[in-house]
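Structural characterization, general
Read off the chains here:
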Amino acid sequence: MMTRVLAVAAAELRIARRNLWVLMASVIMTLFALALTFAGAAPTGALGVDLLTVSVASMTTLSVYLAPLLALMMSFDAIAGESERGGLALLLTYPVSRGEILFGKFLAHIGTIALAMVIGFGAAGMAAALSGGAGTESLTALLRLIGTSILLGAVFLALGYALSAAVSSPTAAAGLAAGLWLIFVVLYDLGLLGAVVYDNDGFFTRRIFPWLLVLNPADAFRLWNVGASENVALANGMTGVAGALPGWSAPVSLLLWPLAAFVLARQIFRRVQP
């Protein structure tokens, strides 16, 4: 089984390399992370934290936007695009299951995202540490940021596969992917914010709002990174929300999301007729 999965993954990696996905993702993450690192250097003195801590707080916000976007850009045509080009029909003639095909694609794409996160955030973290110092907690926060960013990318890779399998056209899949990114990353939080303002510190704000927040994988990612480090929470301005939830809630949410999304993608892919 693993031999077939790795063969699919190797083929997808060749495609990603030919399409410059590895290079593009790494360059994008590095440039944005470096820009945020040095643009956010000003608050270090006021907050009493090192530059790497402020950098991690800024890169957490960056990753909430870019990790899902990169993942969806890689996965939206993984099924629909290959079906339209005729490659899926040929692939299904080989002795490989649909689950193995999907998992092989996932391994290749998550490897690309992981490389981009390590290069981008690692370079920015090193620059911040050399410029403004770094403590044990800030270094741990940087490693946590890289790991959770990969997890967040995994969520949206699997969701992208589900969308790609649900439609027959890559154009339609691209439109759905853009809508999915907008809902999870922007509109969900705006809706919750409106509800909190309307509730005026009532039962919803104090009891329900934190749990609804952690149900969103993008917010669970942010809360995990913020809640695990007091200094990052201080630099990020989210100490109140992070303290309103049990420490296990955000990690459990972010760990369960890729599994649930992959199962969904596999079920939809089983019904695809190339």
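Use the structure listed above.
One structure accompanies this document, and this report is about it. (Residues numbered from 1 in each chain as written. Predicted model: local features only at pLDDT ≥ 70, side-chain atom pairs only at ≥ 80, totals over all residues. Heavy atoms only, no water.)

**What about the overall build of the protein?**
From N to C terminus, the protein includes 14 helices and 0 strands. Mapped in sequence order, the helices and strands of the protein form the string α-α-α-α-α-α-α-α-α-α-α-α-α-α. Summarising the internal contacts of the protein: among those between residues at least 6 apart in sequence, 84% fall at separations of at least 24. Of the roughly 12500 Å² of accessible surface on the protein, 69% is carried by carbon and sulfur atoms. (Helix = DSSP H or I, 4+ residues; strand = E, 2+ residues; numbered from the N terminus. Contact = heavy atoms within 4.5 Å. Areas by Shrake-Rupley, 256 points an atom, 1.4 Å probe, with all protein chains shown as cover.)

**Details of the pattern of salt bridges**
All chains considered together, the criterion is met by 6 salt bridges. Here R85 ties to D77 by a salt bridge, and the two come within 3.9 Å at their closest N and O atoms. Judged by relative accessible area, R85 falls into the exposed class, the value being 60%. (Salt bridge = Lys/Arg side-chain N within 4 Å of Asp/Glu carboxyl O. Buried < 20%, exposed > 50% of the residue type's maximum accessible area, 1.4 Å probe, protein only.)

**Focus: the nonpolar core**
Of all hydrophobic cores here, the largest spans 71 residues; its most connected members are M59, F121, F156, L157 and F269. The residues touching F156, leaving out its near neighbours within four places in the chain, are P68, A71, L72, S75, L180, F184 and P217. (Core = buried A, V, L, I, M, F, W, Y, C linked by side-chain atoms within 4.5 Å.)

**What about the environment of D201?**
Assignment of secondary structure puts D201 in the loop between α9 (170-199) and α10 (203-215). Judged by its relative accessible area of 54%, D201 is exposed.

**Quick word on a nonpolar patch on the surface**
Judged by side-chain polarity, L182, I183, L187, L190, L193 and V197 come together as a nonpolar surface patch covering roughly 550 Å² of accessible area. Positionally, L182 belongs in helix α9. Residue L182 is classed as partly exposed on the basis of its relative accessible area, which comes to 37%. (Patch = residues over 30% accessible without salt bridge, like charges linked within 9 Å, V, L, I, M, F, W, Y side chains within 5 Å.)

**Section: unusual backbone geometry**
For N200, which is not glycine, the phi dihedral falls at a positive 55°. Within the secondary structure, N200 is located in the loop between α9 and α10. For N200, a relative accessible area of 64% corresponds to the exposed category. One non-glycine residue, D201, lies in the positive phi region at around 60°.

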